[in-house]
Amino acid sequence: MTRPGRDEDPDRLYTVTGGRSRSVAGADTFDLVTLVVSESAPVRGMQSEHAAILRICRFPTAVVELASDLGLPVSVVRILLGDLLAQGKITARHPRRAQTADALPDPDILKQVLVGLRNI
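Residues numbered from 1 in each chain as written. Predicted model: local features only at pLDDT ≥ 70, side-chain atom pairs only at ≥ 80, totals over all residues. Heavy atoms only, no water.

- Per an unreviewed UniProt entry, the protein chain goes by the name DUF742 domain-containing protein and belongs to Streptomyces reniochalinae.

Laid out in structure tokens, this is it:
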């Protein structure tokens, strides 16, 4: 059984990224849960992987989902996303995060719940 991305021909991955090992946008721009959304449709003459990303990302899609759908390593997908971001063809955003300590439950309530669970 072959695994997508891992057993790929290294020459193909080198060609897909143009020999680059880093994204134009920077390594910290795209983590696994960054949501990517297309801002334009694929155009004629575009690299097939770029066009596939634009089609998949019509709705917000996580980087890890893109890598799975494309059958490519996440590192390669990050490089391709950097290209598209630099061209203005996608937008990227991180999922909403809880508002620091204000969004956390009261510690006293958590202690009461823990005591109640232990009593069960």
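1. Comments concerning the overall build of the protein chain
1) Next: The number of helices and strands found in the protein chain is five helices and three strands.
2) Next: When its helices and strands are written in sequence order, the protein chain yields α-β-α-β-α-α-β-α.
3) Next: For the protein chain, buried positions account for 31% of its 120 residues.
4) Next: When contacts within the protein chain are restricted to residue pairs at least 6 apart in sequence, long-range pairs at least 24 apart make up 69% of them.
5) Next: Entry remark: accessible area of the protein chain is about 8,400 Å², with carbon and sulfur atoms responsible for 54%. (Helix = DSSP H or I, 4+ residues; strand = E, 2+ residues; numbered from the N terminus. Buried < 20%, exposed > 50% of the residue type's maximum accessible area, 1.4 Å probe, protein only. Contact = heavy atoms within 4.5 Å. Areas by Shrake-Rupley, 256 points an atom, 1.4 Å probe, with all protein chains shown as cover.)

2. Details of the environment of Val36
1) Next: Counting through the fold element by element, Val36 comes out in strand β1 (residues 35-38).
2) Next: Under the relative-accessibility criterion, Val36 is labelled buried at 0%.
3) Next: Remark: the alpha-carbon pair of Val36 and Ala62, spanning 26 residues in sequence, is separated by 6.2 Å.
4) Next: What Val36 contacts, discounting residues up to four positions off in sequence, is Phe30, Cys57, Phe59, Pro60, Thr61, Val63, Leu66, Leu81, Ile90 and Thr91.

3. Some points on a nonpolar patch on the surface
1) Next: Judged by side-chain polarity, Ile109, Val113, Leu117 and Ile120 come together as a nonpolar surface patch covering roughly 440 Å² of accessible area.
2) Next: Locating Leu117 in the fold gives a position in helix α5 (residues 107-119). (Patch = residues over 30% accessible without salt bridge, like charges linked within 9 Å, V, L, I, M, F, W, Y side chains within 5 Å. Salt bridge = Lys/Arg side-chain N within 4 Å of Asp/Glu carboxyl O.)

4. So, the environment of Ser38
1) Next: When you line up the elements, Ser38 lands in strand β1.
2) Next: Overall, Ser38 belongs to the buried group, its relative accessible area being 14%.
3) Next: In the structure, Ser38 is positioned 47 residues away from Leu85 in sequence and 9.6 Å away in space, judged by C-alpha atoms.
4) Next: Every residue in contact with Ser38, bar those within four places of it in the chain, is listed here: Ile53, Leu54, Cys57, Arg58, Lys89 and Ile90.
5) Next: In terms of polar contacts, Ser38 uses its side chain to reach the backbone carbonyl oxygen of Leu54, at 2.5 Å. (Polar contact = N/O pair within 3.5 Å; in protein donor to acceptor, adjacent residues only side chain to side chain.)

5. Focus on the nonpolar core
1) Next: Grouped together as the largest cluster of nonpolar side chains are 19 residues, with contacts concentrated most on Val36, Ile53, Leu66, Val77, Leu81 and Ile90.
2) Next: When residues of this core are assigned to their parent elements, the largest contribution, five residues, is made by helix α4 (residues 74-86).
3) Next: When near neighbours in sequence (up to four residues on either side) are disregarded, Ile53 contacts Ser38, Leu66, Leu70, Leu80, Leu81 and Leu84. (Core = buried A, V, L, I, M, F, W, Y, C linked by side-chain atoms within 4.5 Å.)

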